[in-house]
Amino acid sequence: MWIPPIIERELRVALRRKHVLRNRFIFACAAVWLTASLVFMSGFRNPQKTGQEVFEFLFRIGCLVAVFETVRVTADMFSSERRNNTLGLLFLSGLSAVEVFASKLCGGTLMAFCSLLTLLPCFAVTFLTGGVSAATFVAAACYLPALLVFALAMSVLGSTLCEDESESLVRA
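Residues numbered from 1 in each chain as written. Predicted model: local features only at pLDDT ≥ 70, side-chain atom pairs only at ≥ 80, totals over all residues. Heavy atoms only, no water.

Draft legend 1. Here's a closer look at the packing of aromatic side chains. In this structure the tally under the stated criterion is two aromatic pairs. Between Phe55 and Phe59, the ring centres sit 6.2 Å apart and the planes meet at 15°, which makes this aromatic pair stacked. Remark: Phe59 and Phe55 occur in helix α3 (residues 47–74); sequence separation between them is four residues, near one turn of the helix. With a centroid separation of 5.5 Å and 35° between ring planes, the pair formed by Phe59 and Tyr143 is classed as tilted. Of this pair, Phe59 sits in helix α3 while Tyr143 sits in helix α8 (residues 134–161); the two residues are 84 residues apart in sequence, bridging distant segments of the chain. Three or more aromatic residues link up through ring pairs in this structure, and these residues are Phe55, Phe59 and Tyr143. (Phe/Tyr/Trp six-rings, centres within 6.5 Å; stacked < 30°, edge-to-face > 60°. Helix = DSSP H or I, 4+ residues; strand = E, 2+ residues; numbered from the N terminus.)

Next comes the structure, spelled out in structure tokens:
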């Protein structure tokens, strides 16, 4: 399978960051542990009410992950290229502006979406226990990626307007 070189570069840079895989594993284990502890702490209460509480809790966490993780990953996407004077090198390689933009955007989206995917199995637990309906589960599974795309658009806007990482984070 052929992967465009800019997307491959973005993914390699993301994997070289300190503790990326360990942090995602810890996040997934924490989400599973919180879900299990909320289910077991409920004791002999109504499982539907417990499932709804767990779903609300996980949905709030999912919204926070969709916004803050996306902004953290993609806010410095274009500003780092300008700051390091490597944006011109990308254009010298024969890529058009649309290809550079689309490749960097796709790489950032993949990195941000991986963190959000760790929560979907926990949402499925609330659905399988009967706490929420299938329509609610599907609505949450569609809403969170839409929120991720909105946060991605705002952080890319901040990254294109600024040269400094902290300033692009504030604008996003």
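So much for the structure itself; the text now carries on.
Draft legend 2. View of the packing of helix α6 (residues 97–117) against α8. Look at α6 against α8: their axes get within 11 Å of each other, and the N-to-C directions meet at 135°. Relative to α8, the element α6 is oriented oblique. Here α6 and α8 pass one another in a crossing that is right-handed. Contacts from Phe101, Leu105, Thr109, Ala112, Phe113 and Leu116 of α6 reach α8 at Leu144, Pro145, Leu148, Leu152 and Val156. Across the contact of α6 with α8, the residue classes tally to 10 nonpolar, one polar and no charged. (Axes fitted to C-alpha atoms, helices over the stretch in contact; angles between N-to-C directions. Parallel < 35°, antiparallel > 145°, perpendicular 65-115°, else oblique. Left-handed = near helix turned anticlockwise from the far one by under 90°. Contact = heavy atoms within 4.5 Å. Nonpolar A, V, L, I, M, F, W, Y, C, P; charged D, E, K, R; others polar.)

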